[in-house]
Amino acid sequence: MSLTHDEICELKEKANAVRISLIEALLEAGSGHTAGPLGMADIFTYLYFHQLKHRPQDPDWADRDRLILSNGHICPVLYAVMAHAGYFPLSELKTLRKFGSRLQGHPHREYLPGIETSSGPLGSGLSQAVGMALADRIDHGKTSSKFFYCLTGDGELDEGQNWEAIQLAGKERLHTLITIVDRNNIQIDGFTEDVMPLESLKDKWESFGWHVIEIGGHNFEAIDTACDQAQAVFDKPSVIIAYTIPSKGVPEFERDFRWHGASPGKGPDDIVPKGEQGILALKRLRTLGERVCNECND
Amino acid sequence: MNVTINMMYEDSKLNPHLFDTDVEQIPIRQGFGEGLLSAGEIDERVVGLCADLTDSTKMNLFKEKFPERFIEMGVAEQNLASVASGMAAMGKIPFITSYAMFSPGRNWEQIRTTICYNNVPVKIAGSHAGVSVGPDGGTHQAIEDIALMRVIPRMVVISPCDSIEAKKATLAAAQINDPTYIRLAREKTPVITTVDTPFEIGKALTVWAPSEGNAEVGIIATGALVYKALCSAHILQEQGIRVKILNMHTIKPLDVSAVISLAKETKRIVTVEEHQIAGGLGSAVAEVLAEHNPVPLRFIGIKDRFGQSGEPEELLEEYGMGVTHITDAVIALTRV
């Protein structure tokens, strides 16, 4: 069933709120990643507010879907969306990266209920998701009602371990496994195709036995359709290659790889002075939010 | 060999034939295979994952009995560690096997982050540890694995002395929630213990003690070299030198009280391991004694070198881990 107009409006508004929250958290922290979290805010919002079977008040609920974040450095968006979903108070976002916080600089499963795996070192999330899907199949067979969503970066696919996991998932025909690749074309040192060419990503995954779906990662209808399709594919794992804009929502930061690992106030200052980066980001997102509201209320 | 059995610690219920020339010899890894099979029979959460070495790590016994709980991973040790982590997060008790050089050698960071940092009960069995792997040569002789594993928080490190102890260690590992490394060897090894020999993770086993009075030198040994230490004790006994030997099958958590108590009794300690001296059992013992009860120490182990091809016995001699080396170290210490 496709998303209704109202549902899309709600998701857009929520995604914008998530973006604002994560920027506020980064400003408070004074460090952390900006481009990936902003770029993935729509997909995270869709998953937590429309797709995942989960219970924020009962994060260990055994029958929940699993969301495995492999590129742990984009955790500001995970924390922000979890707070909005009710896992913990929004005010706790201000503790990001601080001593004693449950919101570690890279996620730790023991610190925060609802985090499935600790991550940060790249390339091992997919292996863990494969392990979870395998274990679930041993227990529940091919008709398990759970899905395992693994979110990876694109630069992260440089790591050879991913391809070990990709070939095992293909061999084992793990159809409950759905990987979403954040294809934003940037990594720390530059554009992915300059640092280490990944294309043709589609052909690579297909040749390993995966069902491949390519979408625009800021289009909720496309995200929804892709997830529906991935869930319907049987006897094959699916990968959704989601083309996203790094730093989506703050035009001055968008598509610039230098925002990969910088927080507002610490980013490149040739376009926006450091001292104005935080205020500008919040201003742009609030303006965007007003526009979304106006469109939806028309 | 004419041996006075009463010199062997009675409570340890060791193999009464261990000094016979035709003492039974079984590879330590065989005990792992049997232990895993038993663990699988006891607990259906036990699963096995192997990186294309199913027969030589003896996981084949488990695979044949429980094919639905066995995953063939291919030659992919990084994936091996992290897939096991994912299975453990879903409630399984995964055992993963390869040669120790590749797991935990190649996949150290995956073990650190996805197993230990995540705190999931994955059991890593590293076979073919030590130079006694023999003809395969230095690339396949893991002599750094104890150091690599014991430095990671939460990791339990077990180095069984024979196949019977390996079976007990495997069964015990399946019953604890901690990530665990079990070090295994390829070659046939004299069977020192019996089914009645006590085994408890973290509790050292006294395998040799003077029939009366205190020992002059304490030997703390691990793995297959416990047998060499016993042979050395037998020779030393004939020379009138009284030693006491601890089989330190668990290197982490180390039995600190047993180490301190032995040092207080003997005032001199020799450690024995088929591993680099840097970071291994000797280092672990030295860390404890330096802080709590400093005594003269000597280390039998590999001195910052790589292995090479050869027969196991000639390699142990080349690298200073033969019976004579142990005996000489003990005698030298008695003069300190």
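Residues numbered from 1 in each chain as written. Chains lettered and ligands numbered in written order. Predicted model: local features only at pLDDT ≥ 70, side-chain atom pairs only at ≥ 80, totals over all residues.

From N to C terminus, chain B includes 11 helices and 14 strands. Expected size for 336 residues packed as a compact globule is a radius of gyration near 20 Å; at 19 Å, chain B falls within 12% of this value. On the principal axes, the C-alpha backbone points of chain B span a range of 55 × 40 × 35 Å. In chain B, of all internal contacts separated by at least 6 residues, the share reaching a separation of at least 24 is 79%. (Helix = DSSP H or I, 4+ residues; strand = E, 2+ residues; numbered from the N terminus. Rg over C-alpha atoms; globule rule 2.2 N^0.38 Å. Contact = placed C-beta atoms within 7 Å.)

Let us look at the environment of A:Gly72. Residue and element names in this part refer to chain A. When you line up the elements, Gly72 lands in the loop between β1 (66-69) and α3 (75-85). The class for Gly72 is buried, based on 26 C-beta atoms found within 10 Å. With 36 residues separating them in the primary sequence, Gly72 and His108 have C-alpha atoms 9.3 Å apart. (Buried ≥ 20, exposed ≤ 12 C-beta atoms within 10 Å, placed from the backbone.)

With that settled, the discussion passes to the interface of chain B and chain A. The interface of chain B with chain A comprises 24 residues on the first partner and 21 residues on the second. Elements with a contribution of two residues or more to the side of chain B that touches chain A: α3 (77-89) and α4 (108-117) of chain B. By residue number, the principal contributor to the side of chain B that touches chain A is α3(B), which donates 9 residues. Its residues assigned to classes, the side of chain B that touches chain A comprises 9 nonpolar, 11 polar and 4 charged. (Nonpolar A, V, L, I, M, F, W, Y, C, P; charged D, E, K, R; others polar.)

Moving on, we come to the sheet that holds strand β3 (residues 177-183) of chain A. Residue and element names in this part refer to chain A. Here we have 5 strands laid out as an open sheet, ordered β1-β2-β3-β7-β6, and parallel in their pairing. At either end of the open sheet lies a strand with only one pairing partner, and these are β1 and β6 (211-216). Neighbour to neighbour, the strand axes of the sheet diverge by 20° on average, direction disregarded. Pairing analysis gives 6 bridges linking β6 to strand β7 (residues 238-243), with the strands arranged parallel. The residue of β7 that forms the bridge with Glu214 is Ile241. Each of β1, β2 (148-153) and β3 is contacted by helix α4 (residues 125-140), which is oriented at about 170° to β2, the strand it contacts most. (Pairing = 2+ DSSP bridges. Axes fitted to C-alpha atoms, helices over the stretch in contact; angles between N-to-C directions.)

Counting 193 residues, the largest nonpolar core has A:Val130 and B:Leu230 as the members making the most contacts within it. No fewer than three residues from each of domain 1 (5-23 + 197-334) and domain 2 (25-190) of chain B sit in this core. Sequence-distant contacts of B:Leu230, that is, excluding residues within four places in its chain, are made with B:Leu18, B:Ile192, B:Val207, B:Trp208 and B:Ile245. (Core = buried A, V, L, I, M, F, W, Y, C linked by C-beta atoms within 7 Å. Domains from an automatic or database assignment.)

This part is about the pairing of strand β5 (residues 123-127) of chain B. Residue and element names in this part refer to chain B. The element β5 is largely enclosed, with a buried count of 5 among its 5 residues. In β5, alternate side chains face the same way, and those of Lys123, Ala125 and Ser127 on one face and Ile124 and Gly126 on the other are all buried. In the sheet, strand β4 (residues 93-99) pairs with β5 via 5 bridges, with the strands oriented parallel. Across the sheet, the residue bridging to Thr97 is Ala125, located in β5.

What follows covers the domain arrangement of chain B. All names here are of chain B. Taken domain by domain, chain B comprises domain 1 (5-23 + 197-334) and domain 2 (25-190). Its C-alpha centre places domain 1 at a distance of 24 Å from the equivalent point of domain 2. On the side of domain 2, 32 residues touch domain 1, which itself brings 34 residues to the contact. Within the side of domain 1 that touches domain 2, the residues separate by chemical class into 18 nonpolar, 13 polar and 3 charged.

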